[in-house]
Amino acid sequence: MTDKVITSENVRLYYGEKEALHGVNLDFKKNEITALIGPSGSGKSTYLRCLNRINDLIPEVTVTGSIKMDKQDIYAPNVDITELRKRVGMVFQQPNPFPFSVYENVAYGVKLAGRSKVSKAEMDKIVEDSLKKAAVWDEVKDNLNDSALSFSGGQQQRICIARVLAVKPEIILLDEPTSALDPISSYAIENTLLSIKKDYTIIIVTHNMQQASRISDQTAFLLDGKLVEAGPTKEIFINPKEKETNDYLNGKFG
Amino acid sequence: MDQIKAKLMKPSKETKQETVGKIISYTCIVAIMLLVLLVLYFIISFGMSTFTKNNVNLWSFLSGTNWSPGQVDAHGNPEVGALPMIVTSFAVTILSALVATPFAIAVSLFMTIIAPKHGKGFLQAIIELLVGIPSVVYGYIGLTLVVPFIRHLYGGTGFGILSGTIVLFVMVLPTITSLTVDSLKAVPRYYLEASLALGATRWQTIYKVILRAATPGILTAIIFGMARAFGEALAVQMVIGNATLMPKSLLTPAATLTSQLTTGIGNTVMGSLPNNALWSLALILLLMSLVFNIAVKFVGSKGDLNK
Ligand SMILES: Nc1ncnc2c1ncn2[C@@H]1O[C@H](COP(=O)(O)OP(=O)(O)OP(=O)(O)O)[C@@H](O)[C@H]1O
Ligand SMILES: [Mg+2]
């Protein structure tokens, strides 16, 4: 039981009066990739965004239930949200590098408070390692001082992954990271995730069933704000317990 | 068949309308261009005649510190040294922009990021109101409030660069603020999310990402504010003291290029040296507005994020 990094129990989220998550119970194991699947509007992003409390930005959001990370409730009043977000990195649907150089993008998170005593050489090393891990080093190494926006969408997304890796999070959340990308770039990112998973716990939202089956260890199926079922990816894909899951995987709705 | 052909060959009603429309718009464009050329011709030819007809040396015009165009100095040269006005114009412009910019940035941040709800209503209304107030009203308020206050505080007359700066500060604040608001709004919201998701605080995000991404826009806003301050005549004239002396401090009466123009233009005879000298001041203003324009273009092109 000790290998569970995150446990969430009866998570309900309200946008104002409207309940968007109706009590989600879901756990995540260390060094596993979990795929969150489900039709549009089923609450995948909403749930994912609870895990690093980025939903806090939206006014009138309330979350009940409990989400624990290493047994610590992340919604407890004394939790340092910036510290939480350093532990739980996030990659968004649209590649969103800052309009700075590649180097500055990757160094950004490291330079933030508390870690400012990093020397130039150390920083160079962190930037290089992160870009290598994100499998984009070879493509950007000669242009580290060019604006990150001058690269292709797939490269930008991998720069964003490198930017998250540089902060050394334990958990990485990805919200449809490849939906804006061509198959080759998507494939590169999938390989990136597989190659880094030994050091991280990864949770990825995806609409691409092949992608979910290729890379994830666990799959969770959400429908209308409810968790229909979750389990090892093979079981979910080959032998789902619920009829709704089966219908969705066979393209009967969603 | 012939009927169709005839119909095709004859211009339709729509085509005729289009021709008429084109003629009207081209006529307007030509008229406006002529007007602009005329204005430029006037300012340049009159402004240059100080140097061509009245044989004033350009350098002594720009560097001379005595301005009494009706008189001649010991060497028999007319006293048309514009440096005091140039210096004063730059002083009030730079000082007011310098003071207004931090306020403008703070207010804009408040309106766009910190409390966008209040920003949209109340503050927006105030900013628009401030823009709409005619400059003579600012000048009048400056004359009745600022000048006596400065006099009370520091002695002297109360007229001078400091009073001018304070009045201009209030006048350029809404200009710089509303343009800064625009440039902050243009910063994509996902930068905020991306930064917070990396463990940045709100303030770190604001000064490391948002302000940085908005810098070209903010610089443009400052330049527009400076252009407004540089060109403002009436309000400045009412509080600056209108003494064409080299400013020794912020508290002594002085004159800007614009205030000297408004003060002097009624008292000179067309074609005379004192009149031509004023046109030369106008020429400097024209060149400066050109400089501001180029600066805006330059900053704008530098700020292209996709470069
Ligand atoms: N900011 C918001 N305010 C109010 N309701 C919201 C907000 N964001 C999402 N919702 C609602 O919550 C529900 C779940 O949305 P969510 O974005 O989590 O779905 P999703 O599964 O990520 O869908 P997609 O696959 O299209 O991204 C939807 O009904 C949506 O309308
Ligand atoms: Mg979503």
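Please read all numbers here as calculations on a predicted model, not as lab measurements.

All names here are of chain A. Pairing within the open sheet is antiparallel, and its four strands lie in the order β2-β1-β4-β5. Of all strands in the sheet, those bounded by a partner on one side alone are β2 (18–29) and β5 (72–73). Bridge analysis of strand β4 (residues 61–69) against β5 gives two bridges, and the strand direction is antiparallel. Looking at β5, one finds that Met-69 is bridged to Gln-72.

Quick look at the side chain of Ser-66 of chain A now. All names here are of chain A. Relative to the elements of secondary structure, Ser-66 occurs in strand β4. Under the relative-accessibility criterion, Ser-66 is labelled buried at 16%. Not counting residues up to four positions away in its chain, the partners in contact with Ser-66 are Thr-7, Ser-8, Glu-9, Val-11 and Asp-73.

Turning to unusual backbone geometry, a few remarks are in order. Residue and element names in this part refer to chain A. A positive phi angle, close to 60°, is found at Asn-31, a residue other than glycine. One can find Asn-31 in the loop between β2 and β3 (33–37). Asn-31 sits in the partly exposed class, given a relative accessible area of 27%. Phi at Arg-53 is positive, roughly 55°, even though this residue is not glycine. Arg-53 gets classed as buried once you look at its relative accessible area, which sits at 12%.

This brings us to the site of ligand 1. Residue and element names in this part refer to chain A. Around ligand 1 sit 14 residues, and of these Ser-40, Lys-44, Ser-45, Thr-46 and His-207 come closest. Here a nitrogen atom of ligand 1 and a side-chain polar atom of Tyr-15 are 3.2 Å apart. The backbone of Ser-42 places a nitrogen or oxygen atom 3.2 Å from an oxygen atom of ligand 1. Starting from 630 Å² of accessible surface for ligand 1 in isolation, the protein chains cover 64%. Secondary structure elements with two or more residues in the shell around ligand 1: β2 and α1 (44–50). The leading source of residues in the shell around ligand 1 is α1, at three residues.

The next point concerns the interface of chain A and chain B. With 26 residues of chain A in contact, the opposing surface of chain B contributes 22 residues. Our count for the contact surface shared by chain A and chain B stands at two salt bridges. In this structure, Glu-104 of chain A and Arg-212 of chain B form a salt bridge, with 2.9 Å as the shortest nitrogen-oxygen distance. Between chain A and chain B we count three residue pairs in polar contact (both at pLDDT 80 or more) in total. Secondary structure elements with two or more residues in the side of chain A that touches chain B: α2 (81–87), β6 (88–91), α3 (102–111) and α6 (153–166) of chain A. Here the side of chain A that touches chain B is built from residues that sort into 15 nonpolar, five polar and six charged.

Grouped together as the largest cluster of nonpolar side chains are 124 residues, with contacts concentrated most on Ile-6, Leu-36, Leu-131, Ile-172, Leu-193 and Ile-203 of chain A. Per element, the largest residue contribution to this core is ten residues, and it comes from helix α9 (residues 202–231) of chain B. The contact partners of Leu-131 of chain A, leaving out residues within four places of it in the chain, are Val-102, Val-106, Val-136, Trp-137, Val-140, Leu-144, Ile-159 and Ala-162 of chain A. If you look at the next biggest cluster of nonpolar residues, it comprises 27 residues, including Ile-43, Val-80, Ala-255 and Leu-273 of chain B.

About the thresholds
Residues numbered from 1 in each chain as written. Chains lettered and ligands numbered in written order. Predicted model: local features only at pLDDT ≥ 70, side-chain atom pairs only at ≥ 80, totals over all residues. Heavy atoms only, no water. Pairing = 2+ DSSP bridges. Helix = DSSP H or I, 4+ residues; strand = E, 2+ residues; numbered from the N terminus. Buried < 20%, exposed > 50% of the residue type's maximum accessible area, 1.4 Å probe, protein only. Contact = heavy atoms within 4.5 Å. Near = heavy atom within 4 Å. Polar contact = N/O pair within 3.5 Å; in protein donor to acceptor, adjacent residues only side chain to side chain. Areas by Shrake-Rupley, 256 points an atom, 1.4 Å probe, with all protein chains shown as cover. Salt bridge = Lys/Arg side-chain N within 4 Å of Asp/Glu carboxyl O. Nonpolar A, V, L, I, M, F, W, Y, C, P; charged D, E, K, R; others polar. Core = buried A, V, L, I, M, F, W, Y, C linked by side-chain atoms within 4.5 Å.

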